[in-house]
Amino acid sequence: MILNKSPFTTRFLSSSASTMVPFRCRTFSVSPLSKSFSFISPRTIWKFSQTRAALVDGRFFASFATSASSWANDNNSNDDEDDGKWDLKTCNNKNRNSNQDRREQNGSGTVDDLNHDIDKASLSSSFFFHHHHDHYRNNPSDRDVTAMTAAAWKQNLGRGQDDAWLKGPRPHSWFTGLHPKNCPGIDQSGTVLHSLPLINLSNLTRQKVQDYFDNTWTLFETLFAGLHGEEGFYRPAPHGLRHPHIFYYGHTACLYINKLRVAGLLSRPVNQYFESIFEVGVDEMLWDDMHKNDMLWPMVSQVWHYRRQVYQTVTQQVIQQQFSDYDHGTNAVVDQSNPLWALFMAMEHERIHLETSSVLFRETPHHLVQTPHYWPSLHPSASSKFDASLEKSIHTPPRSASHDHYKTSHPITGGDYPANAMVEVPHELTITLGKPLDFPSFGWDNEYGTRTVTVPPFAASQYMISNGEYWHFVADGAGYRTREYWCDQGWAWRTFRNAKRPSFWQPAGPDGSHEYRLRTIFDVIPMPWDWPVDVNYYEAKAFCRWKTLSRGGPDRYASTTAQTASYKESTSFRLLTEAEHHVLRGSSHNLDSARRDSLADKVMTNSGHVFADDDGLTCTAANLNLSFGSQSPVNGFAPSDTGHYNVTGNAWEWTEDHFNPLDDFKVHPVYDDFSTPCFDGKHNIIVGGSFISTGDEASVFARFHFRPHFLQHSGFRVVTSEHNAPVKHLAASAGGNLESAGLGSECASNDGNKSSDDGGSSSSTSSGSTTTNTYESEATLHMYLGLHYLNSGRKENVSPIIPHDNAPYHGLSFPQRVAQLLVSLQPQSKSNALDVGCAVGGASFELARHFDSVDAFDYSHSFIQAAKRMQSVTEEVHFRLPLEGNIHEVIRAEHPEYMTPALRSKVNFFTGDACQLPLMKSQGLLDIYDGVIMSNLLCRLSDPVSCLNALPLIVKNGGIVVLVTPFTWLSEFTPLQNWLGGYYDSNKNEAVWSQDRLKHIMESNGFEKIHEEDIPLLIREHARKYQYIVSQASGWRKSI
């Protein structure tokens, strides 16, 4: 086997093969001269073994995994011996010593030495990979991988005395930093460790930094004291999507060293091997990606030893040295430009994994966990006997004495859980997202920047959806058995996982009886029906769909206002958006108040026990910052100013928004890939924090995210609105999926890239949806303003096209040319016209030159707002015209000189859905028209046939319809089964063309084709890049 020297790409070549096969591997480098070995994940080896082009040498293949433990021991062999606090008597010393002796003789770390370091037991287990190589190469199904992983992880067990040491309460020496009883954050009784407030970076002393570090470090180790025996450290999660606990036990320590080295505060590794294998965590990827656990990990005692070294390094070489001058009256200030930002980054990273690891604990078999000493207790509502002294200081909502709170099935509204009304936010509001650069706390890169969002009126459920409410979806609604409630990706996830209920619900009776208990982090307790249900995005969306179709089943939503009641029967349920969440926050604990006064971000002042001691009567009280070790009732604590409960804390809330960058987003060089890999249209934002969210996670500025199939301590509340939701969506990357906020079958479907905008307008991606909109971004809005208003830039001396030979000026003024085409086809009357998908109104205003009145609607709220501003006689509209890179020119949007205010006033702009024309007609939003245009819209509709079939309802006899489309079909917008053409008919084995199908549909609806031509379109991306599109335009006259 040949190993090519490359730090990023490793190439293998078998002696029997002639093809070089590259593999990307961040943590592997080999020198062919010295044969010194750093690390390669067995997952990478397994992936390579599936490739037919080459085979890995069996002997080398086997030895990698089996030697990992001894290699880790060797890296620690020269470390200082324990000072006597370590009470684990042996750590596989026999193998460690023999391996070390051999390396002293032969030279440490060579491939030859590694091949000698195989005992029979290790060889037997590791050769499992090689022995089954041909089988997995030819049958690499997920079931096979699961079977392989199931056998592989057990080789980590029984290698020393760790198992006995890890059973039962942890000894004092378990804590590599401060013991909890001596740690900042311990309560007055000395029995419970809570989180400290988020540290203020504008007023630092050495002691304050040390206290926050100790609190962070010890909280994490207290959680991991909850694993009973060594098996819990190595057993993969049941879904196989995350590393085992042993990885995260080492990962947070590793990141301190690696990031402090990147920042220049440390010059050398503590353990290079560990800082390789523990460096890179996993994004949860696809729900069937189960290749993360097939390796031999270090022993727990070895990682314990590493953590102790890291704690000492950070304390002595960073905190004590870097803050030595800040003890007596002078305070340090740390901002993003300071290398010490990396220290606080590592602390907040560990706090993230405190929470995400606690979720994995809830998924670990119950017999492998134990409740650790000093961990916050469950909320008092989990017990049938309430401590009277606690009830005086902790708000616990009363329950009806007539109902058994601990029943396992058939919960009753108003008794076991509260009735959940829809509470209206009746007025349009403006929210500005983003954290100021000078805010005195650490923040992740995605929090900075700004975006102003207009939030139309909406109504949201008073409470988060409780276990009791969700039970009716599971049982009465047959929710997990009914395909109709799930989007395609959601149903694929559900069937692959064979999900029948929320993941943390545990059966308490025969299958089908729908009797359940609840798994918390360490316990299984009687089901608290009034706690928020923990579900993923797909499960939350399925509930919304069920509520929409069944109008709520036994818990049909009531409204707190007549206004809400007037539209609740005709709208769909969906999830919150990020902007709507910030509307629901109390006025004393929201973005604006925190920007005015940093102390209004309550995590800056409130430790966990302060949140817990709150009387529950103020809107800032919350189950947050580890007040408790569990969730609490959804009607616990006081509501926000808008009347909504648990807006912060208790459980995260899923939103419809894709994780996205704010305007002026910049990565931080110390952690340049924290956010950007997830700006992919495959991750949804979660908001509000949970009971275990601490530090920056509990901040009002926090912006976190997960893939839709991933489970966190996360729930949801439902929303209805007559308006488009202020949602931010990103197009999915190649091969990915676009998470639609719609309620149709395609909430997660995309088989390719969105290659162009096509100059069309926005539309819903599912029939009846009130939320989905890929076109709401500011950049897209500015692009469309440039497309629709050609006169823009003349005063600034900016040309729409760089003048050059054969410049495609014929592609300009596309909206106006579409409107003129309708006029040229001579409708019988010119009383009124309709612009379907009007975007920012360029074609609508052109129609007003020839028709007495024009109706124009678009699915995008921001487009309609821009069109109305262009209609105003007093308001100026400016937009950014990209020139090169981040360089742009701000120009004024200009009408042609002939477009007078009188002409502009003839247009009526409003939001609407082209897939809901009959509904809009019945609501009086649409008339019957002499002329209708649809510009580059058809292939952006989720159900184009339904739109075409509705045209006879809104077109007068003799009226003209102009359809312009490039037939750019993308499943991102239109489910494959709804495409007019652009595919092969498998039955007839022939191509289906969109224009043929369009002709058939229009003729069957009573329209005659009277015109056809190709219309070019030019869209500017920047000064030297344009999209050139040729759309097919067809004219249709309705039969008289």
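Note that the structure is a prediction, hence the values are computed from the model and not measured. (Residues numbered from 1 in each chain as written. Predicted model: local features only at pLDDT ≥ 70, side-chain atom pairs only at ≥ 80, totals over all residues. Heavy atoms only, no water.)

1. Focus on the overall build of the protein
Tallying secondary structure elements over the protein gives 31 helices and 27 strands in all. Counting across all 1040 residues of the protein, residues that qualify as buried make up 62%. Surface exposure of the protein reaches about 38600 Å², of which carbon and sulfur atoms provide 49%. (Helix = DSSP H or I, 4+ residues; strand = E, 2+ residues; numbered from the N terminus. Buried < 20%, exposed > 50% of the residue type's maximum accessible area, 1.4 Å probe, protein only. Areas by Shrake-Rupley, 256 points an atom, 1.4 Å probe, with all protein chains shown as cover.)

2. As for the pairing of strand β9 (residues 516-519)
With three bridges connecting them, strand β8 (residues 505-507) and β9 associate as antiparallel partners. From the neighbouring strand, Trp505 faces β9, where its bridge partner is Leu518. As paired elements, β9 and strand β10 (residues 524-526) share three bridges and run antiparallel to each other. Across the sheet, the residue bridging to Leu518 is Ile525, located in β10. What sits between β9 and β10 in their antiparallel hairpin is a turn of four residues. (Pairing = 2+ DSSP bridges.)

3. A few points about helix α27 (residues 861-871)
Buried residues dominate α27, accounting for eight of its eleven residues. Listed as buried for α27 are His861, Ser862, Phe863, Ile864, Ala866, Ala867, Met870 and Gln871. Where α27 is buried, its residues meet β6 (451-455), α24 (778-788), α26 (842-847), β18 (853-858), α28 (901-904) and β21 (907-911). (Contact = heavy atoms within 4.5 Å.)

4. Re the side chain of His582
Assignment of secondary structure puts His582 in helix α21 (residues 578-584). Residue His582 is classed as buried on the basis of its relative accessible area of 6%. Apart from residues lying up to four places away in sequence, His582 is in contact with Ile431, Leu433, Leu591 and Val700.

5. What to know about the environment of Phe851
Looking at the secondary structure, you find Phe851 in the loop between α26 and β18. The buried category is assigned to Phe851, whose relative accessible area is 0%. Apart from residues lying up to four places away in sequence, Phe851 is in contact with Leu822, Val823, Pro827, Ser829, Lys830, Ser831, Asn832, Ala833, Lys906, Asp930 and Gly931.

6. Some details on the pairing of β6
Alternating residues of β6 divide into Arg451, Val453 and Val455, all buried, and Thr452 and Thr454, none buried. Sheet topology note: the strand β5 (residues 429-433)/β6 ladder contains five bridges and is antiparallel. Residue pairing for β6: Leu429 is matched across the bridge by Val455.

7. Here we look at the packing of aromatic side chains
The geometry of an aromatic ring pair is captured by the separation of the ring centres together with the interplanar angle, meaning the angle of the planes. Considering all chains together, one arrives at 55 aromatic pairs under this definition. Measuring from ring centre to ring centre gives 5.5 Å for Phe224 and Phe361, while their planes differ by 80°; the resulting arrangement is edge-to-face. Taken together, the residues span a long stretch of sequence, with Phe224 in helix α10 (residues 206-224) and Phe361 in helix α15 (residues 341-363) at a distance of 137 residues. By relative accessible area, Phe224 is classed as buried at 0%. Judged by its relative accessible area of 0%, Phe361 falls in the buried class. (Phe/Tyr/Trp six-rings, centres within 6.5 Å; stacked < 30°, edge-to-face > 60°.)

8. Considerations on the pattern of salt bridges
Evaluation of the coordinates by the stated rule reveals 26 salt bridges. When salt bridges that share partners are traced, they join Lys795, Glu876, Arg892 and Glu894 into one network. (Salt bridge = Lys/Arg side-chain N within 4 Å of Asp/Glu carboxyl O.)

9. Digging into the environment of Tyr249
Tracing the chain through its elements places Tyr249 in helix α12 (residues 245-262). Tyr249 gets classed as buried once you look at its relative accessible area, which sits at 0%. For Tyr249 and Val300, which are 51 residues apart along the polypeptide, the C-alpha to C-alpha distance reads 8.6 Å. In contact with Tyr249, not counting residues within four places along its chain, are Trp174, Phe220, Phe224, Phe233, Val300, Val303, Trp304 and Arg307.

10. Quick word on the packing of α10 against α12
Between α10 and α12, the shortest axis-to-axis distance is 11 Å and the interhelical angle comes to 170°. Judged on the interaxial angle alone, α12 and α10 are roughly antiparallel. Residues Phe213, Thr216, Trp217, Phe220 and Phe224 of α10 form the contact with α12, whose own contacting residues are His245, Tyr248, Tyr249, Thr252, Ala253 and Tyr256. Class assignment of the residues belonging to the contact of α10 with α12 gives a composition of eight nonpolar, three polar and no charged. (Axes fitted to C-alpha atoms, helices over the stretch in contact; angles between N-to-C directions. Parallel < 35°, antiparallel > 145°, perpendicular 65-115°, else oblique. Nonpolar A, V, L, I, M, F, W, Y, C, P; charged D, E, K, R; others polar.)

11. Quick look at the nonpolar core
The biggest cluster of nonpolar side chains holds 154 residues, and the ones touching the most others in it are Trp174 and Tyr470. By residue number, the principal contributor to this core is α15, which donates twelve residues. Residues Phe863, Val877, Phe909 and Leu1017 belong to the second largest nonpolar core, which totals 47 residues. (Core = buried A, V, L, I, M, F, W, Y, C linked by side-chain atoms within 4.5 Å.)

12. A few points about the confidence of the model for the protein
Note: predicted coordinates in regions of low pLDDT should not be interpreted at a detailed level. Residues with a pLDDT of 70 or more make up 74% of the protein, whose mean pLDDT is 79. Low pLDDT (under 50) marks residues 385-405, which in the prediction has 43 contacts with non-local residues, meaning those over four places away or in another chain. Note that pLDDT drops below 50 for residues 762-776; the model gives that stretch 84 contacts with residues more than four away or on any other chain. (pLDDT = per-residue confidence, 0-100.)

13. Focus on the sheet that holds strand β15 (residues 714-715)
In space, the four strands of this open sheet follow the order β14-β13-β12-β15, with mixed pairing throughout. Sheet topology places β14 (704-706) and β15 at the edges, where each strand pairs with a single neighbour. Judged from the three bridges that link them, strand β13 (residues 684-687) and β14 form a sheet pairing that is antiparallel. Bridge pairing in β14 links Ile686 to Phe704.

14. Description of α15
Side chains of residues three or four places apart in an α-helix project in the same direction, reflecting 3.6 residues per turn. Between its terminal C-alpha atoms α15 stretches 34 Å, which fits the 33 Å expected from 23 residues at 1.5 Å a residue. Across the 23 residues that make up α15, a large majority, 23, are buried. (Expected span 1.5 Å × (residues − 1).)

15. Structural notes on the side chain of Arg307
Checked against the element boundaries, Arg307 lands in helix α14 (residues 300-322). With residues up to four places along the chain from it excluded, the contact list for Arg307 reads Thr176, Trp217, Phe220, Glu221, Tyr249, Thr252, Ala253 and Glu350.

16. Here's the deal with the environment of Lys181
Relative to the helices and strands, Lys181 resides in the loop between α9 (162-165) and α10. In this structure Lys181 comes out as partly exposed when scored by relative accessible area, which is 47%. Sequence-wise, Lys181 and His373 are 192 residues apart; in three dimensions their C-alpha atoms are separated by 9.9 Å. Setting aside chain neighbours within four positions, we find Lys181 in contact with Ile186, Gly190 and Tyr374.

17. Considerations on the packing of α10 against α15
Contact geometry of α10 with α15 gives a least axis separation of 10 Å together with a crossing angle of 20°. Judged on the interaxial angle alone, α15 and α10 are roughly parallel. Crossing of α10 against α15: the hand is left-handed. Taking contact as the criterion, the partners of Val209, Tyr212, Phe213, Asn215, Thr216, Trp217, Leu219, Phe220, Leu223 and Phe224 in α10 are, on α15, Leu343, Phe344, Met347, Glu348, Glu350, Arg351, His353, Leu354, Ser357, Ser358 and Phe361. Residues belonging to the contact of α10 with α15 are distributed by class as follows: 13 nonpolar, five polar and three charged. (Left-handed = near helix turned anticlockwise from the far one by under 90°.)

18. What to know about the sheet that holds β8
In a beta sheet, neighbouring strands are held together by backbone hydrogen bonds and run either parallel or antiparallel to one another. Taking strand neighbours across the sheet as the criterion, the three strands line up as β8-β9-β10 in an open arrangement whose pairing is antiparallel. A single partner strand is all that each edge strand has here, and the edge strands are β8 and β10. Each neighbouring strand pair of the sheet contributes to a mean axis angle of 45°, computed without reference to strand direction. Helix α17 (residues 467-474) contacts β8 and β9 of the sheet and is inclined by roughly 55° relative to β8.

19. A closer look at unusual backbone geometry
The backbone phi angle of His410 is positive, close to 50°, even though this residue is not glycine. Assignment of secondary structure puts His410 in the loop between α16 (388-393) and β4 (422-425). Here the phi dihedral of Gln826 falls at roughly 55°; this positive angle occurs in a residue that is not glycine. With respect to the helices and strands, Gln826 occurs in the loop between α25 (814-824) and β17 (832-836).

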